[in-house]
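Observations on chain architecture
Each chain is listed here by its residues.
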Amino acid sequence: MLVMEAAWAEGDYIKMIIQCSNIQKYYGAELVLSNVTCEIKPGEKVGLIGRNGSGKTTLMRLLTGSETPDQGSIATRKDAVLGALAQIPDFADSMTVYDVLKSAFKPLLAIGEQMRQLEAEMSALSTAGTSPSGLERLLEQYGSLQEAFERNGGFEMEASIERVANGLRIPSSSFPRAFRSLSGGEKTKIGLAVILLQQPDVLLLDEPTNHLDMAAIHWLEEFLAAFKGTVIVISHDRYFLDRVAGKIIEIEDGEAFTYPCSYSEYKKEKERRLLQQFADYQEQQKKIKKMQETIKQLIEWGNRSNPPNPGFHRRAASMQKALDRMVKLKKPVLERKRIDLQLSQSGRSGNEVIVLREAGKRIGERTLYRGINHTLRYGENAALIGGNGVGKTTLMKSILGIEPVQEGEIRLGSRVDTGYLAQESAPKDYPGTVLEYFRNELGMEAGEARNQLARFLFYGSDVFKKVHSLSGGEWTRLRLAILMYHKPNLLLLDEPTNHLDIDSREALEEALEEYPGSVLVISHDRYFINKIANQIWELDHGTMLITEGSYEDHLAERKKRQLQSLQQAEAPWQPGQIEVSGRSIMQTRAADQSIKSRTSGQPEQAKAAKDPASKDPDHPAASGANPATLRKLEQDIASMEQRIAQLDEAMLDPGIAHDAEKLADLLEERNEVQRSLDPLIDKYISLLEQ
């Protein structure tokens, strides 16, 4: 039975927002969830993890109420509002992207519509000259609606849409597009934006980082960290889980195991628990064996007696009852089966593996990259990163010779044998099975092929699944199996961890760490990049920045470059030093300009004699310009200087110092304000000289 409204005592009502008790769920004859019990408190950020097929998404559907458990109960706090991210959101065909985003504010839009109707009625009453009492009644209703509209953020709707869209890298140019025309990934991203805009009490997110680039993932992490409500998120992104989740619930063998800690701490705690459970299991097995031996001995003693001694039999029966009543501990699985990926090469390549010389690529009028110079050498592992659409996959295809370059040269070194894992779905037009596909690729006998597929978790009837029906994770495992048997010495992997669960990702990481050849991988999985990469290639605004080291080293190097850019900015002052001897930058520049004028031979003393105000170069009256124009310029300049001061202070905040993405955004805004400020100051100075 599903209980959607809690009947808890007042204390429990405050402590918990969701409670699952002994949940069971079948799909046909298959038991997916056997005994799930867990509690979630208001404001908790929970990472829901488990292997593919363990039942995570099933539990999420039960929490949303779209499905009901076969046994057990789910209680949610009576007043709690839940917001769930669908895998592929569904909206009316006539809706544009902006319509879908605005749909997050349905209650506010309804209030707005009521206000417009009242405005029309009041206008009609005023025109008709109706008595004031009717108009006053409508004005009172309108005032109440307006207060509710303002209190609930009605006037900030557009700003909120813009903030979330910018954070998730949803371009405003896509707002007029028909929602139905978007790809599945784009629809999911828009759906995520709608859920975030709704600000429910509980956010239920199933793999929200899919289809997001690193910048958008980082923004989402910050958003969820600041979110006051409860978050339950399914994710295989370990870096994301560490940044967001303070509690981990693992679904394993149909049960839920709770760890009140981050993902990294969960790994340590799970190992400690498993070792303790195994020790307890062994201790109980010793006790059981000893009791069984004692029972057997008592029975033998009773039978040896002549006549047989019933006392021994009674004691044996009593001990057997105690043994039967004992709660038997399950033997814990210390190491679960995962893909057995062992990467090797048939022969090594030359020292130079990938050579880029002044490489450039355009698509139409758009330049993806140009002037790229770098050499990947034998044994090096590089991660190619950057925002969605910057040209990462295109560059990888150019390295493979699939895509031509318009400028420079991209070539492979001597004896390079490539293995390519593309970012693609299972072919919908392939009619064969997993076994047939594997054998066709490798020319392997059926028996041997089945043995090898079992190493990649295709057991029994799994090998007869149709290729076009495979899930994303199954399709990736099949292609990794084929790649392993080709034994290339250069691996080019485009988002290889997409759709893989954590166990499979760890197996891939271990295989790549042991692999003797060279690797170039496109990925937004920062945990994965940290494990396998010894250099980072960041493609950004048509250039490629190379950092030797891990992803963490790359972040540190980016921060260093940003600080250097800040110090070399055009502004003639240090960060935070907006005042010079009590005068603004505007005043200082005006005074400097006046000094230059005096030293260039202008008759300043004559001017001073005619107009005493001209003795003070900072005085607006010293010029012949319109005082109102000067005052407006001063106000605009002062406002911009104040914003620059705020940005400088923010960039020097210790909390921002380790946040490279935030620092970059602040620096970009500061440069933009400075670019707007400089022409105003120049105009002000020129007016003073009139």
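Cut-offs and rules
- Residues numbered from 1 in each chain as written.
- Predicted model: local features only at pLDDT ≥ 70, side-chain atom pairs only at ≥ 80, totals over all residues.
- Heavy atoms only, no water.
- Helix = DSSP H or I, 4+ residues; strand = E, 2+ residues; numbered from the N terminus.
- Buried < 20%, exposed > 50% of the residue type's maximum accessible area, 1.4 Å probe, protein only.
- Areas by Shrake-Rupley, 256 points an atom, 1.4 Å probe, with all protein chains shown as cover.
- Pairing = 2+ DSSP bridges.
- Axes fitted to C-alpha atoms, helices over the stretch in contact; angles between N-to-C directions.
- pLDDT = per-residue confidence, 0-100.
- Contact = heavy atoms within 4.5 Å.
- Expected span 1.5 Å × (residues − 1).
- Salt bridge = Lys/Arg side-chain N within 4 Å of Asp/Glu carboxyl O.
- Phe/Tyr/Trp six-rings, centres within 6.5 Å; stacked < 30°, edge-to-face > 60°.
- Polar contact = N/O pair within 3.5 Å; in protein donor to acceptor, adjacent residues only side chain to side chain.

For the chain, the helix and strand inventory stands at 23 helices and 18 strands. Counting only residues that meet the buried cut, the chain has 46% of its 690 residues in that class. For the chain, the accessible surface area stands at approximately 35400 Å², while carbon and sulfur atoms represent 49% of it.

So, on to the sheet that holds strand β10 (residues 352-363). Strands belonging to one sheet form pairs held by backbone hydrogen bonds; the direction of such a pair is parallel or antiparallel. Pairing is antiparallel across the open sheet formed by 3 strands, whose spatial order is β11-β10-β13. Sheet topology places β11 (366-377) and β13 (407-412) at the edges, where each strand pairs with a single neighbour. Within this sheet the neighbouring strands show an average axis-to-axis angle of 20°, counted without direction. For β10 and β11, the ladder comprises 8 bridges, and the chain directions are antiparallel. For I354, the partnering residue across the bridge sits in β11 and is L376.

The predicted model of the chain averages 83 in pLDDT, with 86% of residues at 70 or higher. Segment residues 1-13 is flagged for pLDDT under 50; beyond a separation of four residues in sequence, or across chains, it makes 30 contacts in the model. Across residues 570-623, confidence stays below pLDDT 50; counting only partners more than four residues off in sequence or on other chains, it has 72 contacts.

Take helix α8 (residues 214-226) next. The end-to-end C-alpha distance of α8 is 19 Å, a good match for the 18 Å that 13 residues give at a rise of 1.5 Å each. Burial analysis of α8 places 10 of its 13 residues in the buried class, which makes it a mostly covered element. Among all positions of α8, only M214, A215, A216, I217, H218, W219, L220, E221, F223 and L224 are buried.

What follows concerns the pairing of strand β3 (residues 45-49). In terms of residue burial, β3 counts as a mostly covered element, since 5 of its 5 residues are buried. Residues K45, G47 and I49 of β3 are buried on one face, and the alternating residues V46 and L48, pointing to the opposite face, are buried as well. Bridging between β3 and strand β7 (residues 230-234) involves 4 bridges; their strand directions are parallel. By the bridge assignment for β7, K45 is matched with V231. In terms of strand pairing, β3 meets strand β8 (residues 247-252) through 4 bridges, oriented parallel. In the strand pairing of β8, V46 is matched with K247.

The final tally for this structure, using the stated rule, is 36 salt bridges. Connected through shared salt-bridge partners, E250, E252, D253, K270 and R336 make up one network.

Taken as a whole and assessed by the stated rule, the structure comprises 12 aromatic pairs. Ring geometry for F91 against F179: centres 5.3 Å apart, planes inclined by 85°, an arrangement best described as edge-to-face. With a gap of 88 residues between them, F91 in the loop between β5 (82-84) and α3 (97-102) and F179 in the loop between α6 (157-167) and α7 (184-198) connect regions that are remote in the sequence. Classification of F179 as buried rests on a relative accessible area of 2%. Centre to centre, the rings of Y239 and Y551 are 6.2 Å apart; their planes meet at 90°, and the pair counts as edge-to-face. With a gap of 312 residues between them, Y239 in helix α9 (residues 238-244) and Y551 in helix α18 (residues 551-567) connect regions that are remote in the sequence. In this pair, the class of Y239 matches that of Y551, namely buried.

Its location among the elements puts R505 in helix α16 (residues 502-514). Classification of R505 as buried rests on a relative accessible area of 7%. A distance of 3.1 Å separates a polar atom in the side chain of R505 from the backbone oxygen of T497. When residues no more than four places from it in sequence are discounted, the contact partners of R505 are H236, D237, R238, T497, H499, L500 and D525.

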